[in-house]
Amino acid sequence: FFKQKTAYEIHERLVGSEMCIRDSHWADKSEVYRDYGIELLQEPLKNYYDAIVIGVDHNDYKKLGGNAIREYGKEKHILYDVKNILSIEASDLRL
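Residues numbered from 1 in each chain as written. Predicted model: local features only at pLDDT ≥ 70, side-chain atom pairs only at ≥ 80, totals over all residues. Heavy atoms only, no water.

Regarding the sheet that holds strand 2 (residues 73-81)
Working step 1: In spatial order, the strands read 1-2-3; together these three strands make up an open sheet with parallel pairing. Looking at strand neighbours, the two that pair on one side only are strand 1 (49-54) and strand 3 (93-94), the edges of this open sheet.
Working step 2: The pairing of strand 2 with strand 3 spans two bridges and is classified as parallel. Opposite Tyr 80, over in strand 3, you have Leu 93 as the bridge partner. (Pairing = 2+ DSSP bridges. Helix = DSSP H or I, 4+ residues; strand = E, 2+ residues; numbered from the N terminus.)

What follows is the structure, given as structure tokens:
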């Protein structure tokens, strides 16, 4: 049996790394802060991230598409599409 880890649980294990989490409009910001001590981003920063992990299958990310999502990454970044919502050419890694 496999228990799916949330970004919040993964965050706890990334010691020494900065992790920004945006959970679209589905997550209750106060609940996430109370339960995990994490402040969710309202909007991600453009040209800022070394890695972008898509871990949810929300329609708003599908509508953005790979090129728009990549605008949040630095010039050299990795786009990891865990949920296979993008075309195979749009991401660097997939499950």
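And the narrative resumes.
Some words on the nonpolar core
Working step 1: Grouped together as the largest cluster of nonpolar side chains are ten residues: Tyr 49, Ile 52, Ile 54, Tyr 61, Ile 69, Tyr 72, Leu 79, Ile 85, Leu 86 and Ala 90.
Working step 2: Contributions of two or more residues to this core are made by strand 1 and helix 3 (59-70).
Working step 3: It is strand 1 that contributes the most residues to this core, three residues altogether.
Working step 4: Residue contacts for Tyr 49: discarding those within four places in its chain leaves Cys 20, Leu 41, Pro 44, Tyr 72, Gly 73, Lys 74 and His 77. (Core = buried A, V, L, I, M, F, W, Y, C linked by side-chain atoms within 4.5 Å. Buried < 20%, exposed > 50% of the residue type's maximum accessible area, 1.4 Å probe, protein only. Contact = heavy atoms within 4.5 Å.)

Digging into the environment of Ile 88
Working step 1: Tracing the chain through its elements places Ile 88 in the loop between strand 2 and strand 3.
Working step 2: The spacing of Ile 88 and Gly 66 is 22 residues in sequence and 9.9 Å in space, taken between C-alpha atoms.

Digging into the pairing of strand 2
Each regular strand shows side chains that alternate between the opposite faces of the sheet.
Working step 1: Judged from the five bridges that link them, strand 1 and strand 2 form a sheet pairing that is parallel. Note on strand 2: the bridge partner recorded for Ile 54 is Asp 81.
Working step 2: Regarding the hand of the β-α-β motif, the stretch spanning strand 1, helix 3 and strand 2 is right-handed. (Right-handed = clockwise from strand over helix to strand, strands pointing away.)

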